[in-house]
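# Commentary on secondary and tertiary structure
What follows is the residue order along each chain.
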Amino acid sequence: MRRFLALSFPAFAVDRFRRRSPGAPPLVLLFTVERGSRWIAALSPEARRLGIARGMSLAQGRAIAGERDLAIEPHDPEADRRSLAELGAFATRFSPAVAVEGDAGLVLDVSGSERLFGGEERLVHLVVEAFARKGFGARGAVAGTLGCAFAVACFAPRAQRRVALRVPPGGEAAALDPLPVAALRIGTDALQALCEVGVETVGELRALPRGALPARFGGELLSRLDQALGTAFEPFVPLRPKRVPRRARAFEVPVELDVVRHAARELLVELTTELRERCEGACRLALDLECAEAPPVREELVLSRPSRDLAHLASLLEPRLERAPLGFGVLRIVLAAPETAPTPERQTGWHEPAGQAEVAEVAKIDRPLGELFDSLVGRLGRAGVLALVPVETHVPERAFEERPLASVETLRARAAITGLARPSRLFAPPAAIEVDAGPAGAPMRLVRNGGARRVLRCFGPERIEPPWWDAPTEGSRDYFCIEDDGGRWLWVFRDPQARWFVHGEWT
Amino acid sequence: MPEAPPSKIVPHPWQARGSARPVRRVADVAYAELAVTSSFTFLSGASSPEELVATAARLGHRAAALSDANSLAGIVRAHVAADEAGIPLAVGCRLVLDAPPERPPGVPRGGPGTVLVYATDRASYGRLCRLLSTGKRRAPKGECALGLDDVLAHAEGLLAVALPTGTPRDPAALDAGFEELVTRLREGFDGDRLSIGASVLFGPHDRARLARLAALGRRTGLPLAATNDVHYHVRERRALQDVMVCIREGCTVAEAGFRLFPNAERHLKAPAEMARLFAAEPRALARSVAIAERAAAFRLDELRFRYADEVSPAGKTPMQHLAELTWRGAAERYPGGVPEKVRRLIRHEFRLIEELEYEPYFLTVHDLVRFARSRGILCQGRGAAANSAVCYCLGVTAVDPDRIDLLFERFVSKERDEPPDIDIDFEHERREEVIQYIYAKYGRERAALTAEVITYRARSAIRDVGKALGLSLDCVDRLAKNLDWWHSGVEAERLRELGIDPEEPTMKKLLELANEIQGFPRHLSQHVGGFVITQDPLCELVPIENAAMEGRTVIEWDKDDIDALGMLKVDVLGLGMLTCIRKALALVNEVAGLPRGQALALHTIPPEDSAVYDMVCAADTVGVFQIESRAQMSMLPRLRPREFYDLVIEVAIVRPGPIQGDMVHPYLRRRSGEEPVSYPSEEVRRVLGKTLGVPLFQEQAMALAVVAAGFTPGKADELRRAMAAWRRKGDALERLCQELMAGLVANGYSADFARRLYAQIQGFGEYGFPESHAASFALLVYVSAWLKRHHPAAFAAALINSQPMGFYAPAQIVRDAREHGVDVRPVDVNHSSFDCTLELDGDAVPAVRLGMRLVKGLGAADADAVAAAVAAWGPFTTIEALRRRSGARVRALRRLARADAFASMGLDRQAALWQVRALRDEPPGAPGEPGDLWGRAAPDEPAVPRLPEVSLFQRVLHDYRATTLSLKAHPVAFVRAHLERLGVTPAAALADARAFPHGRRASVAGLVLVRQRPGTAKGLFFMTLEDETGVANLIVHPHVFERCKAAARHATSVLVHGHVERAGEVVHVIARELESLDRALAGMQSRSRDFR
């Protein structure tokens, strides 16, 4: 006889939010954006008590909350689903077979295992408490069918919620009858149709002629009802956690670096083979070494792009190995790829269709660039590798930014090409100089570092006005490119106070 | 273009005003700016045409010019401003040739490029308009698809300046395409009319670029013309221009990068400065001047506007035709003979009409009215036209000149010589027929709607500028929604309350820029119904573009623009009450079974019925035109209208204008005899006598200005215009009012009287009514009140059938009808049509049968199919039979079942839904084909099983959900016991003055019918509640509103504690505390409420 423990998390999204931001106020509203406005998708019970409800506009919710502190965040159902799967993995400590049910529910097959925990009631308490400790409010129930257990967990009347809910074998019908039809996990259309004819509870539904139901409320209704009652079979699909590619070698005696290096190479070959079979590349590699009479060593490699290239990975791994403190030798070596991403094998033929040639070209540059990047990061650390990124602005000294090179993609991001005459070197800050200007305002002679120079040629002015929104005190600058009699090309400007500066030089 | 036949030149009316033109100083260096982008290149130019023209004049330019991108939308404003400044104006535009990638069929090829073009005479201006119309008509609204070939085809007489583009990699170099563009342009423009535009804008390569352009000029034999690519009139507008670009591009200033100009040089510059910049090419300045001066030879007021004149039959002059129609109409209007007063008026009007050649206009309007009548569409002129006896005889207006004193000069005046403006209301549901008739009769080339310039208002300004400055959406929302902080004087404090630091630089910038951008055009929209109809092609007068709405075309000019050019416009407007009246009359006639000749019609409704006035005095006016609002209803018992003119006053007095001008209370006191009526002089008595010394109408303000302040009639009319356009041109009204006060005091009136009059005229700025307009509306007030009094069933049915309109929802209309003893019957498939109908089963009083139009989500087609099947096959006994016979879709039947519309089959809502749920649509074939039905009864439907009981309350709520009303009971009745425990009074009990005297505490509860926060009420918030006994009116003070905002703003039902305020028969509850009842009501909805 099978027994199922169903768990329902009535405020799953909000609980998840609370776990992320522990200091958040008790009023929590999560919203979705639909038809151009924001609607409340989930809310905390405290907010519900004020009269805020799901499906209200966010503005209305705000108005009801008034001056009270509110936490407002977008609702992320995708993250919720991922998080629920993680909770499912956690629940495997109570039963090996755990399935996700709906958006906020888990079902455990506890046939036989309840004895390990001292009976079904106690098991429900244990599970609910375990989740409460993790910050998730759950309601649980045990019954002979998945459907019935879930229905009772979700919809048991408030008065019964304090006691652990257990439907005795064969008691499914009696347990279901007083519950609302929504407990049967049926679509909104069927629910609405039932509501319209005044059928609110499962008991009322069961009183209707069975034969008349499918034509009116869809086939799903009967099968859901029968599944909950145990007269129809319901498949139970347990979660299977994703396996991390992982290879290990143990040595009987502590071994030296040479052997370790060789073993690591072998493990890498096996790992990349597995990755190829899975059509994946590693995003991270983790190497664990168990050392004799020395603390264990963990080396982690973060790759700029998913890779299963043996030579490349080996070239990254080996320097790490060489630097690792191995103590009196290594007893065990474990290599794993904790994070992977799909990288489909691409067939490259002699003929590339026109549109793809460019893609291939980019890929051709990308790979060596990515490998260079990985090696640089491997040696210098992530903060040690910077990129110069062009910025769209008229202000010369802001036209480039140094940014940590997070991935190869940053390198490819280019601002529009300006086509402006800009010197190859900018002085920061611009150096004050003295200038004798001609009648039209163009420089004729300049004194720089104590030496006077005549201006042979001069182009300009190019007038650049500072951004008014964040530099209100600066004035406009008139730039000239000049050639002095020493043969240097300088970029000089005059500010509104007629002070002169040299800002750059063509070298 | 064919030789234009001689016609009247309509001189520019604004010209007459400034008789003394300012003496214009011209700079020593000759220069005229040609490339001028104004704010009518939307979100690109940051100065208005007026600012640009005035600045050009101030700087001493030889001429001003306007060249907006593919548009002449700002040209009339520039023209008016140029006349005021006394500077010649070059009329032109910037053609952006950039045919869209997916070229619609028929768009000729041609590369991209930008060319400035200017008209030199009427013919070339016509070609320019036609060119723009062509481009706009084949592009979606707001866009223009033009190719070079289009330009060449319309090139004759135009002057062109080709504007160079740079290559993105090397801006100093010229795009290869530019030389090609210049070469191709040579095909259409001789060397005399084509130039190359050059500008020096402090870029990195100015000198090199200028040299290359000069070289190109030498190669092609074309001179350079200097321009400065102006986007604003002074350099201080740079920030605003940047912000506008960001709004257009949907980015913030920090992200905008190269989309912004690097400096602030694109402003109008002094000629000497331009000469310095073009020191290398001094002749370029002279060329610009030459172009501008040649273009300025064409003046916009040369445009001749001719009314369409095919309205008179062959062989008759328009005047003869008009006279014939008028006298024929007069004979119909006055079956007992035309009164002498009216004869005199008509003859007087004829003289003016003939002299001013307005006959075709009157005939055009008559033609529209005739068309509408022929289709059975009710219509009625409103506004100034109601001052004309001719219009009355033509059937355009309905105010009997024999009953009301008319002032024809208010409508047409020789001295003003401005085209009369006729506004006609048509039934709102059928206005489109009239619009399409106009398009069909005159063609798209000769008739189009006027534009409406949508400008930045406070809220949109804050929103857009805030976003461009990169403020968070949340912050922008908060600022935009709580705008009362602005202009209220206590800005800083209010802003701090909203959690915003007003001293913060970004906020300061925001306020500054948002202030600046207000009033700037954002886009063109269509005027509600203003049509321009011309004899000559309209598209040669002004560019025509597509409207957003299918099947509409719109000119680029708005109402003020066409006024300024003296163009005629007919306003084709929609009015819901006309629809309602037509439907009510039809129902009355149908039930009475009157023959056509004796049928009740608009003009046969008996006048001055005292029973109607009794009803109006009692404020029993739900559904009556204009006087059904809460404000009007509370005024009626005080004003106690007893005759038609009282209704005219009632309509005019409860308006924001008179309320703000403090005219209401003096009038009421004088009417009730509490205050003596006195006049400062005999002249004033003549003007204000009929309104007891209180100026209520625009005409009176004008007349007072003439008789008491010594204004000329022309100046008085200027005052009227200023009143109407107060929002846009506040300063003009201010100036005139000052003059008015000075005039009054000079003529010996007390300063106090002058001040009061001044305040009252300022009040008119907000929607003051002209008397003729109020009279037209009052007529509809009387008609609708008469219908409500004598045919309440027909009136209620017609009101519901004309929804959406008016103040009240069907639930209140039904409730009001039932209170008047009308039997209202529920929607039923075997009895209802789509519309509400009257049922007469032997009774003297007809009952209203609600129509299927009340069933939410039910289409007219399905409803009609059901009604037709019932009519053909008699009442049905099963749903399946109805489905087969009618072919109605199951979806529709389900909606009918939700509305509980199968009662006549013995099926309640649940049972009907149970049955309908089992039905399926037949695959497309012949619906209702008798086939197996032939001779056989419909197959037995299995009996409905016993379904769970549903409470009455539930059923009422389902009624509300499916039809927005319930005839079974009122939802509040079900929580009455609970409410009684809370000490809540039924709304009807408040009427008892002994139980609830002024100041007594009271609590009421009900569904919220109306929420209002009029701008005139100092932040007071009004609510109307309805419970099962009646309605209660609430007043919520701002501090209470703030405290109970959630309930006040959002709840569908509320419970209010407060105290009673009585003023005569008017009872209000002043709220102290509001709470939402929604949860109490919702809690009862479900038996299984302990779940979840």
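## Focus: the overall build of chain B
Along chain B, the regular secondary structure elements total 44 helices and 21 strands. Looking at the 1092 residues of chain B, the share that counts as buried comes to 58%. Considering only contacts in chain B between residues 6 or more positions apart, those separated by 24 or more positions represent 73%. By element, 52% of the accessible surface of chain B is carried by carbon and sulfur atoms, the whole surface being about 44,100 Å².

## Topic: the packing of helix α22 (residues 576-592) of chain B against helix α33 (residues 771-790) of chain B
Residue and element names in this part refer to chain B. Running from N to C, α22 and α33 cross one another at 40 degrees; their axes reach a closest spacing of 11 Å. Of the two elements, α22 crosses α33, and the hand of that crossing is left-handed. Contacts between α22 and α33 involve M577, L578, I581, A584 and L585 on the former and, on the latter, L780, V783, S784 and L787.

## Re the interface of chain A and chain B
At the interface, 54 residues of chain A touch 54 residues of chain B. Carbon and sulfur atoms make up 55% of the surface buried where chain A meets chain B, a total of about 4,600 Å² over both sides. There are 3 salt bridges connecting chain A and chain B. The salt bridge partner of R463 of chain A is E265 of chain B, with a shortest N-O separation of 2.7 Å. Scanning the region where chain A abuts chain B turns up 14 residue pairs in polar contact (both at pLDDT 80 or more). Breaking the side of chain A that touches chain B down by element, the ones donating at least two residues are α2 (45-49), α3 (58-65), α8 (188-196), α10 (213-217) and β17 (451-464) of chain A.

## Some points on the packing of aromatic side chains
Scanning all chains against the criterion turns up 25 aromatic pairs over all chains. On the numbers, 6.0 Å between centres and 50 degrees between planes, the contact of Y334 of chain B with Y392 of chain B is tilted. Taken together, the residues Y334 of chain B in the loop between α11 (318-333) and α12 (340-356) and Y392 of chain B in helix α14 (residues 389-393) connect sequence positions 58 residues apart. Comparing Y334 of chain B with Y392 of chain B, the two get one shared label, buried. Aromatic ring contacts, followed pair by pair, group F9, F12, F90, F131 and F136 of chain A into a single cluster. Lying over the aromatic face of Y392 of chain B, R333 of chain B brings its terminal NZ or CZ to 4.0 Å of the ring centre. One cation-aromatic arrangement involves R522 of chain B over Y456 of chain B; the distance from NZ or CZ to the ring centre is 5.0 Å.

## Regarding the side chain of D80 of chain A
Mapped onto the elements, D80 of chain A comes out in helix α4 (residues 77-91). For D80 of chain A, the contacting residues outside a window of four places in its chain are F12, A13, R16 and H75 of chain A.

## Structural notes on the nonpolar core
Nonpolar side chains in soluble globular proteins tend to be buried together. Within the largest apolar cluster, 155 residues are counted, with the highest numbers of intra-cluster contacts made by L205 of chain A together with L850, L896 and F902 of chain B. If one sorts the elements of this core by residue count, α33 of chain B sits on top with 12 residues. Leave out the neighbours within four places in its chain, and F902 of chain B touches D828, V829, I879, L882, L893, L896, A897, L907 and A912 of chain B. Judged by nonpolar contacts, the second largest core, of 142 residues, contains L146, L268, L352 and F426 of chain B.

## Some thoughts on a nonpolar patch on the surface
The grouping of L372, L376 and L380 of chain A at the surface amounts to a nonpolar patch, some 270 Å² of accessible area in total. Secondary-structure assignment places L372 of chain A in helix α14 (residues 354-380).

## Looking at the sheet that holds strand β9 (residues 246-255) of chain A
Residues and elements named next belong to chain A. Reading across the sheet, the 4 strands line up as β9-β12-β10-β11 and stay open at both edges, with antiparallel pairing between neighbours. What marks the edges here is a single partner per strand, and that holds for β9 and β11 (297-307). Averaged over all adjacent pairs, the angle separating strand axes in this sheet is 15 degrees, with direction ignored. Pairing between strand β10 (residues 280-291) and β11: 7 bridges, direction antiparallel. When the sheet's bridge partners are listed, L285 is paired in β11 with L301. Lying on the sheet, helix α12 (residues 257-277) is in contact with β9, β10, β11 and β12 (330-342); it crosses β9 at an angle near 165 degrees. On top of the sheet, helix α13 (residues 310-323) reaches β10, β11 and β12; it is set at about 155 degrees to β11, its chief contact.

Conventions adopted
Residues numbered from 1 in each chain as written. Chains lettered and ligands numbered in written order. Predicted model: local features only at pLDDT ≥ 70, side-chain atom pairs only at ≥ 80, totals over all residues. Heavy atoms only, no water. Helix = DSSP H or I, 4+ residues; strand = E, 2+ residues; numbered from the N terminus. Buried < 20%, exposed > 50% of the residue type's maximum accessible area, 1.4 Å probe, protein only. Contact = heavy atoms within 4.5 Å. Areas by Shrake-Rupley, 256 points an atom, 1.4 Å probe, with all protein chains shown as cover. Axes fitted to C-alpha atoms, helices over the stretch in contact; angles between N-to-C directions. Left-handed = near helix turned anticlockwise from the far one by under 90°. Buried area = accessible area lost by both parts, 1.4 Å probe. Salt bridge = Lys/Arg side-chain N within 4 Å of Asp/Glu carboxyl O. Polar contact = N/O pair within 3.5 Å; in protein donor to acceptor, adjacent residues only side chain to side chain. Phe/Tyr/Trp six-rings, centres within 6.5 Å; stacked < 30°, edge-to-face > 60°. Lys NZ or Arg CZ within 6 Å of the ring centre and 35° of its normal. Core = buried A, V, L, I, M, F, W, Y, C linked by side-chain atoms within 4.5 Å. Patch = residues over 30% accessible without salt bridge, like charges linked within 9 Å, V, L, I, M, F, W, Y side chains within 5 Å. Pairing = 2+ DSSP bridges.

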